[in-house]
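# Per-entry structural report
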Amino acid sequence: MSERIASLAALEAWRTRLVAAHDPKRKAIAVCAGTGCKAYGSDQLTAAFRKAVAERGLDVDVRATGCHGFCERGPLVVIYPSMIFYQEVGRKNLAKDVAEILDQTVAAAPGAEQIVARLQYKTPDGTPVVHEHEVPFYKHQNRLILSFNGKIDPDSLADYVANGGYRALAKALGTLTPEQVLAEVDASGLRGRGGAGFPTGRKWRFCREAVAPLVNGVPTRYVVCNADEGDPGAFMDRSVLEGNPHGVLEGLLLGAYAIGAREGYVYVRNEYPLAVQRLTKAIADARAAGLLGADLLGTGFAFDVHVTRGAGAFVCGEETALIGSVEGNRGQPRFRPPYPAVSGLWGCPTTINNVETWVNVPLIVDRGAAWFAGIGTRGSKGTKIFSLVGKVNHTGLVEVPMGATLRHIVEQIGGGIQGGRAFKAVQTGGPSGGCLPEPMLDLEVDFDTLTAAGSMMGSGGMIVMDDRTCMVDVARYFIDFLIQESCGKCTPCRDGLIQMGHLLHAVVEGRATRATLDRLEALAPVVRDASLCALGQTAPNPVLSTLKYFRHEYLAHIDHRQCPAGVCKALITYRVNARCTGCTVCAVQCPEKVIAGEKKGLHVIAEDRCTRCGVCHSVCTFGAVDILPGRGGKE
Amino acid sequence: MSALPATPLDLAPLEPILARYPADRRSLVMVLQDVQAAWHYLPREVLNRVAERLAVPRSHVYHVATFYKHFSLTPRGAHTCTVCMGTACHVRGAGLLVEHLERRTGMKAGDTTPDGRLTVETVNCVGACALGPVVIVDGQYVGSATARKVDRALEACMGHAERKPEDSGITSNGGDSLGAGTDRQASSVVAWGRPPDPQTPTASGDGKEDTE
């Protein structure tokens, strides 16, 4: 639709036409066009499907959709309406995969489809799975927010509208006062998905009730979508923006209506080019359709959105730093209060919420607060998207109701640990969070339980670690990350983290004593208590939680000069075992040329000259290179 | 910072960038983004002009330009190899990939080869965590990356013409300013790293074309 939608009635009429024109029995091929699948060539796959469908003269809709979440098995293809699921399509033989799917599955009558067995998902015990909802990764999820992702073409406004999009907006503009919208969000119990879990309704109320300064004679408030998803290991906001940009816009529209804002900003990380592209397209389409701009849908309400790109600064995810960045300054946090709800962008009251928070709003307004409050735990309502990554069998995006256990997520959805190794820890909350050990797996995940356990919800990264992950190295990794990302404004964070870094490097390099740990434990609370913003205040969490749950690993580094996980270079030894076939690959690839051995003979690494770069271990296809804890190969 | 350009920079590509935004300090970050995209770094002359046109002190321009990691005050390579150092990539061995690239190119991550052909850098997370470890070669994602896969991706893109497909018209207009007078001219350095690989096409020819 290119012309403006003039009224609420016209929007509903358009929706009715779209739904009527849609034949639910019509076959459709949905190809995932999320970043993960694109990396595996889903664009070429979509093009090949379109070409082949045209050549065969089939009446089939080929659509590139948002991220399906099961990124690891991409490119993913779902055949509608039977929901037949194919994975890794076109990775090895694109032309053959496309032809077989079309000829055997798509061209057949519904119910008579044949399945291309080699592209099916198979459970760990080898049972093939036909339909998407039967795949364990999806079966154990409850997808509300992500449900749009696999269904709609993110570049199509019509798709969004046909699936109920902008219905909540029409409801609000037609039948609810701004106060009623606010009350609905308040009653739903929605809490901010950016990490801290502050009640969204309360935040909105502060903003609505704050005195708005006049800009050009108009009282001005702003809404801002925080899409500066900097937590390493988290990508749910990226997927939502890429897969359902109109959902985020509709949330912003509803928030603007509730608090009385006429302008909004979406602050997107520079590392997410596809999200910027899709969002920009969605905004242009919404403007053309009269869903953004002056007098939208003929109701007199006016609102517009701008996209601002970040420039690579993790701290800009902090709301006052983000405001500074949008204003064209350094992204450095400032003291709160005043909170942005009272004095934010250019001194005006500003509501800042995370992508996932905004995209929940249309669902709440559309289906009602009571429905939303019926999902989740006592203190945390609704669902939460986690990015389940690391050493787990099924990596990808997982949406579960608040209160699902870690075990449910890691074992049932994630399918357990890669290669049958032993689970060691799950890291939640990014650099602000902590590492939780095996006994904590039955924890029911919500904002409050994770904080009580010494970790954090954060934005929803969930990184699974196995026995080959060194917990000291993980703590060092996060502190190094935060040293780089500290904005440098306050001393406890800027200098305190550098000192913590020195201490952790001493541990991983085998120079530490037990006094090192005492110093770490003395310094961490100072950084936590004295830092200006949440970056510094939560920075010690990865160290404190690993010290609490994995102290024995620190002690192994200190007392025995061994890295039990085989990670810390100063404290490990590479050695060739009896499985060596003498293929010579390691000797050829060794950058230091310290591996000796005849063809077909056992190879030997000169351990005194080995730099532990790990090349031999990664190139050996026989598992013949062991990583032993300690120098000198002591077991 | 490398030597100053011997010939003055062509500032013409800056005009359409400035025209996109209101001429005040709130546009600064956006303007710098576009300058970075056009020149692949923030040349001094351009920053001075930006300061004048947005009516902000030069000190403020540098204050902002030096804060964000995306901005570079030194010229970047014609090709970029970015290793994701997110947590998921880290636990799956991204550090070993960085070391491999450092060994292969004989420089530290963050540096550009002396011939200006390649920059190797790290990034904190690109949000493709399910594919980890991830390496991005000229915008192409290499998932479940291994040293070998990265080498192949680099050889594939560096063997071809220097100009990146996503480069805007601005870049080709300002092509003369890109490398003029700096150490970016195609030198006799073969391929993109050491040791020289006889399989890879040499830099002569396509490298010169870029700096015409």
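This brings us to the overall build of chain A. Across its full length, chain A carries 25 helices and 21 strands. In terms of overall size, chain A behaves like a compact globule, its C-alpha atoms giving a radius of gyration of 27 Å where 635 residues would be expected to give roughly 26 Å. Each of the three principal axes of chain A carries a C-alpha extent, and together these read 80 × 65 × 40 Å. Burial status across chain A gives 60% buried among its 635 residues. Put simply, 71% of the contacts in chain A that link residues at least 6 apart link residues at least 24 apart.

Within chain B, the secondary structure is distributed over ten helices and four strands. Ordered by position from N to C terminus, the α and β elements of chain B give α-α-α-α-β-α-α-β-β-β-α-α-α-α. Across chain B, the fraction of contacts at a sequence separation of at least 24, relative to all contacts at a separation of at least 6, is 69%. For chain B, the exposed area adds up to about 8900 Å²; of that, 54% sits on carbon and sulfur atoms.

Our focus in this paragraph is the sheet that holds strand S10 (residues 263-268) of chain A. Sheets are built from strands paired through backbone hydrogen bonds, the pairs being either parallel or antiparallel. All names here are of chain A. Across the sheet, which stays open at both edges, the four strands sit in the order S11-S10-S9-S12 with parallel pairing between neighbours. At either margin of the open sheet sits one strand with a lone partner, and together these are strand S11 (304-309) and strand S12 (350-354). On average, adjacent strands in this sheet sit at an angle of 20° to one another, irrespective of strand direction. Both strand S9 (residues 222-227) and S12 contribute to a ladder of five bridges, which runs parallel. Looking at S12, one finds that Asn226 is bridged to Asn354. Running over the sheet, helix H12 (residues 273-288) touches S10 and S11 and is turned about 165° from S11.

On to the interface of chain A and chain B, then. It is common to give the size of an interface as the accessible area that goes away when the parts come together. Each partner contributes residues to the interface: chain A has 56 residues there, and chain B has 38 residues. Buried area between chain A and chain B, summed over both chains or domains, comes out near 3800 Å², and the portion from carbon and sulfur atoms is 54%. At the junction of chain A and chain B, the tally comes to three salt bridges. For Asp34 of chain B, the salt bridge goes to Arg309 of chain A, with nearest N and O atoms at 3.0 Å. The interface formed by chain A and chain B includes 28 residue pairs in polar contact (both at pLDDT 80 or more). Among the elements of the structure, helix H2 (35-39), S11, helix H13 (319-326), strand S13 (383-390), strand S17 (461-466) and helix H18 (471-485) of chain A are those that each provide at least two residues to the side of chain A that touches chain B. A per-element tally of the side of chain A that touches chain B places H18 of chain A first, with seven residues.

Attention now moves to the sheet that holds strand S1 (residues 28-32) of chain A. Residue and element names in this part refer to chain A. With mixed pairing, the four strands of this open sheet are ordered in space as S2-S1-S3-S4. Each end of this open sheet is capped by a strand with a single partner; those strands are strand S2 (61-65) and strand S4 (84-86). The sheet shows a mean angle of 20° between the axes of neighbouring strands, direction not considered. With four bridges connecting them, S1 and strand S3 (residues 77-80) associate as antiparallel partners. What sits directly across from Ile29, in S3, is Ile79.

Structurally, chain B comprises domain 1 (14-67) and domain 2 (79-171). If you average the C-alpha positions of domain 1 of chain B and of domain 2 of chain B, the two centres end up 27 Å apart.

So, on to the packing of aromatic side chains. According to the stated counting rule, one finds 19 aromatic pairs over all chains in the structure shown. Judged by centre distance (6.2 Å) and plane angle (55°), the ring pair of Trp371 of chain A and Phe372 of chain A falls under tilted. A relative accessible area of 25% means that Trp371 of chain A is categorised as partly exposed. On the basis of an interplanar angle of 70° and a centroid distance of 5.1 Å, the ring pair of Tyr477 of chain A and Phe478 of chain A is categorised as edge-to-face. Phe478 of chain A matches Tyr477 of chain A in its accessibility class, with the two residues each being buried. Three or more aromatic residues joined by ring pairs make a cluster, and in this case those are Phe70, Phe85, Tyr121, Phe137 and Tyr138 of chain A. We note Arg91 of chain A situated over the ring of Tyr40 of chain A; from NZ or CZ to the ring centre the distance is 3.8 Å. Over the ring of Trp346 of chain A we find Arg26 of chain B; its NZ or CZ atom is 4.1 Å from the centre of that ring.

Our next topic: the environment of Glu52 of chain B. With respect to the helices and strands, Glu52 of chain B occurs in helix H3 (residues 44-54). Assessed through its relative accessible area of 56%, Glu52 of chain B is described here as exposed.

Our focus in this paragraph is the domain arrangement of chain A. Taken domain by domain, chain A comprises domain 1 (23-151), domain 2 (165-373), domain 3 (383-469), domain 4 (472-548) and domain 5 (569-629). Between domain 3 of chain A and domain 5 of chain A, the C-alpha centre-to-centre distance is 34 Å.

Turning our attention to the side chain of Ser531 of chain A. Residues and elements named next belong to chain A. Here Ser531 lies in the loop between helix H20 (514-530) and helix H21 (534-538). In this structure the side chain of Ser531 is engaged in a polar contact, spanning 2.7 Å, whose partner is the backbone oxygen of Val527. With residues near it in sequence (within four places) discarded, Ser531 still touches Cys490, Pro492, Cys493, Val526, Gly536 and Gln537.

A few words on the nonpolar core. All names here are of chain A. If you look at the biggest cluster of nonpolar residues, it comprises 154 residues, and the most contacted ones within it are Tyr166 and Phe303. It is helix H11 (residues 245-259) that contributes the most residues to this core, nine residues altogether. The contacts of Tyr166, once residues within four sequence positions are left out, are Leu11, Arg15, Leu157, Tyr160, Val161, His246, Leu249, Glu250, Leu253, Ala286 and Leu291. Listed in part, the 93 residues of the second largest apolar core include Tyr222, Phe481, Ala506 and Cys533.

Another aspect to go through is the side chain of Asn124 of chain B. Counting through the fold element by element, Asn124 of chain B comes out in the loop between strand S2 (118-123) and strand S3 (135-137). A distance of 2.4 Å separates the side chain of Asn124 of chain B from the side chain of Glu485 of chain A, its partner in a polar contact. Excluding residues within four positions of it along the chain, Asn124 of chain B makes contact with Pro232, Tyr477, Phe481, Gln484 and Glu485 of chain A together with Lys69, Cys84, Met85 and Gly86 of chain B.

Turning next to the pairing of strand S14 (residues 396-401) of chain A. Each regular strand carries side chains that alternate between the two faces of the sheet. All names here are of chain A. Of all six residues that make up S14, five are buried, and the element is covered over most of its length. The pairing of S13 with S14 spans six bridges and is classified as antiparallel. Residue pairing across strands places Ser387 opposite Leu397, the latter belonging to S14. The hairpin turn running from S13 into S14, its antiparallel successor, is five residues long.

Now for H18 of chain A. When the terminal C-alpha atoms of H18 of chain A are compared, their 21 Å separation across 15 residues agrees well with the 21 Å that a helix rising 1.5 Å per residue should span. The buried count for H18 of chain A comes to 13 of 15 residues, which makes it a mostly enclosed element.

Excluding glycine, most residues fall at negative phi; most peptide bonds, likewise, are trans. Here the amide bond leading from Arg336 of chain A into Pro337 of chain A is cis, since omega sits at -5°, within 30 degrees of zero. Within the element layout of this structure, Pro337 of chain A appears in the loop between H13 and S12. A cis amide bond, omega -5°, links Gly132 of chain B with the succeeding residue Pro133 of chain B. Examined against the element boundaries, Pro133 of chain B turns out to sit in the loop between S2 and S3.

Now for the packing of H11 of chain A against H12 of chain A. Residue and element names in this part refer to chain A. At a closest axis distance of 9 Å, the pairing of H11 and H12 adopts a crossing angle of 60°. As the angle between them shows, H11 and H12 are arranged oblique. Read as a crossing pair, H11 and H12 show a hand that is right-handed. Side by side, H11 and H12 meet where Pro245, His246 and Leu249 of the first sit next to Arg278, Leu279, Ala282, Ile283, Asp285 and Ala286 of the second.

The rules behind each value
- Residues numbered from 1 in each chain as written.
- Chains lettered and ligands numbered in written order.
- Predicted model: local features only at pLDDT ≥ 70, side-chain atom pairs only at ≥ 80, totals over all residues.
- Heavy atoms only, no water.
- Helix = DSSP H or I, 4+ residues; strand = E, 2+ residues; numbered from the N terminus.
- Rg over C-alpha atoms; globule rule 2.2 N^0.38 Å.
- Buried < 20%, exposed > 50% of the residue type's maximum accessible area, 1.4 Å probe, protein only.
- Contact = heavy atoms within 4.5 Å.
- Areas by Shrake-Rupley, 256 points an atom, 1.4 Å probe, with all protein chains shown as cover.
- Pairing = 2+ DSSP bridges.
- Axes fitted to C-alpha atoms, helices over the stretch in contact; angles between N-to-C directions.
- Buried area = accessible area lost by both parts, 1.4 Å probe.
- Salt bridge = Lys/Arg side-chain N within 4 Å of Asp/Glu carboxyl O.
- Polar contact = N/O pair within 3.5 Å; in protein donor to acceptor, adjacent residues only side chain to side chain.
- Domains from an automatic or database assignment.
- Phe/Tyr/Trp six-rings, centres within 6.5 Å; stacked < 30°, edge-to-face > 60°.
- Lys NZ or Arg CZ within 6 Å of the ring centre and 35° of its normal.
- Core = buried A, V, L, I, M, F, W, Y, C linked by side-chain atoms within 4.5 Å.
- Expected span 1.5 Å × (residues − 1).
- Parallel < 35°, antiparallel > 145°, perpendicular 65-115°, else oblique.
- Left-handed = near helix turned anticlockwise from the far one by under 90°.

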